[in-house]
Amino acid sequence: MQIARTIAEVRRLLGPRRGGPIGLVPTMGAFHAGHVSLFEAARRECETVAVSLFVNPTQFGEKADLERYPRDEARDVAIADGAGVDVLFTPRAEELYPACFGTWVEVDGLSTILEGAFRPGHFRGVATVCLKLFNIVMPTRVYFGQKDAQQVEVIRRLLRDFDLPIELRVLPTVRDADGLALSSRNVRLSPADRERALALPRALATGDVARARALLQGLDVEYVELAPFDPPVLAAAIRVGGVRLIDNVPVGGSRT
Ligand code: AMP
């Protein structure tokens, strides 16, 4: 696996590989089996697999959340290498956001509901960094997790609205044996908080808003809603022991 830290380097590494399909998996690192499922899908479907590892400051509202975000580059490099990734692009913040950076992508409507209502500016940061990564890597396909269902919707809209000739691939949520969706933030849960957090997948598994709300009573719930995505999902966000967790389950079939 080759590691690139600058835009020029990643373009130089990918240049000779442009003959075949290039898959890009955008990530923020702290890899777990959810990330690996995306790497493996890209590996199966593309000649070249590129992964970006960038803890994007512009999608974090709370500075503390950005600072606490788990980082372990050596471990991530080993996992990506083991999964057959060809190129890992891990730029510094100044590389993607040079001085006087001032062009932002706003996805109207989608950015301000559900997650967006609780994390103002989050999807602006996501859409902007993803458009930059797509322009830098120029992938054939991009790989995202259903775990972040609203992010998938934002990316789908971005690809359509900006006429980007990129195929969007969405992979199912990978869960631990107890049902909790894998997340880089789970490492910050104490054993007792983790036990409490299990109410989230259990509530969503009902597939019913009212029953899910009832099962989450007593917890610090931000929202439990049916979201009109493709596919429609029952989505929720809760806070447990200072850790914010999101999850969703598809309800009903695909709209496309
Ligand atoms: P992150 O590093 O958290 O930004 O996630 C990078 C990609 O991995 C995103 O497309 C996420 O939706 C996806 N992802 C995160 N957790 C999971 C999971 N448990 N199962 C499947 N995909 C996931």
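Residues numbered from 1 in each chain as written. Predicted model: local features only at pLDDT ≥ 70, side-chain atom pairs only at ≥ 80, totals over all residues. Heavy atoms only, no water.

All right, on to the site of the ligand then. In the neighbourhood of the ligand, 18 residues make up the surrounding shell, with Met28, His35, Asp148, Val174 and Leu182 lying closest. Between the ligand and the protein, one listed contact pairs an oxygen atom with a side-chain N or O atom of histidine 35 at 2.8 Å. When the free accessible area of the ligand is taken as 480 Å², the share hidden by the protein chains comes to 93%. Residue contributions to the shell around the ligand peak at three residues, all from helix H2 (residues 33-45). The residue makeup of the shell around the ligand, split by class, is eight nonpolar, eight polar and two charged. (Near = heavy atom within 4 Å. Polar contact = N/O pair within 3.5 Å; in protein donor to acceptor, adjacent residues only side chain to side chain. Areas by Shrake-Rupley, 256 points an atom, 1.4 Å probe, with all protein chains shown as cover. Helix = DSSP H or I, 4+ residues; strand = E, 2+ residues; numbered from the N terminus. Nonpolar A, V, L, I, M, F, W, Y, C, P; charged D, E, K, R; others polar.)

With that settled, consider the pattern of salt bridges. Counted according to the given criterion, the structure contains 21 salt bridges. Arginine 17 is the partner of aspartate 86 in a salt bridge, and the nearest nitrogen-oxygen pair spans 3.9 Å. Remark: arginine 17 occurs in the loop between helix H1 (7-14) and strand E2 (22-27) and aspartate 86 occurs in the loop between helix H4 (73-82) and strand E4 (87-89); sequence separation between them is 69 residues. Judged by relative accessible area, aspartate 86 falls into the buried class, the value being 16%. (Salt bridge = Lys/Arg side-chain N within 4 Å of Asp/Glu carboxyl O. Buried < 20%, exposed > 50% of the residue type's maximum accessible area, 1.4 Å probe, protein only.)

What follows is about helix H8 (residues 149-161). Side chains of residues three or four places apart in an α-helix project in the same direction, reflecting 3.6 residues per turn. For H8, built from 13 residues, the straight-helix expectation of 18 Å at 1.5 Å per residue is met to within 8% by its first-to-last C-alpha distance of 18 Å. Restricting attention to buried positions, one finds in H8 the residues Ala149, Gln150, Gln151, Val152, Glu153, Val154, Ile155, Leu158 and Leu159. Contacts made by the buried residues of H8 are with helix H6 (115-118), helix H7 (122-137), strand E5 (141-145), strand E6 (167-171), strand E8 (233-240) and strand E9 (243-250). The first or second residue beyond H8 is aspartate 163, which carries a positive phi of 55°. (Expected span 1.5 Å × (residues − 1). Contact = heavy atoms within 4.5 Å.)

Bringing the nonpolar core into the picture now. Buried together is how nonpolar side chains tend to be arranged in soluble globular proteins. If you look at the biggest cluster of nonpolar residues, it comprises 45 residues, and the most contacted ones within it are Leu96, Phe134 and Ile155. It is H7 that provides the largest number of residues to this core, a total of 10 residues. Beyond its immediate stretch of four places on either side in the chain, isoleucine 155 contacts Val126, Cys130, Phe134, Phe144 and Leu168. Of all hydrophobic cores here, the second largest spans 20 residues; its members include Leu180, Leu198, Val240 and Val243. (Core = buried A, V, L, I, M, F, W, Y, C linked by side-chain atoms within 4.5 Å.)

Everything listed is a geometric property; what it means functionally is a separate question.
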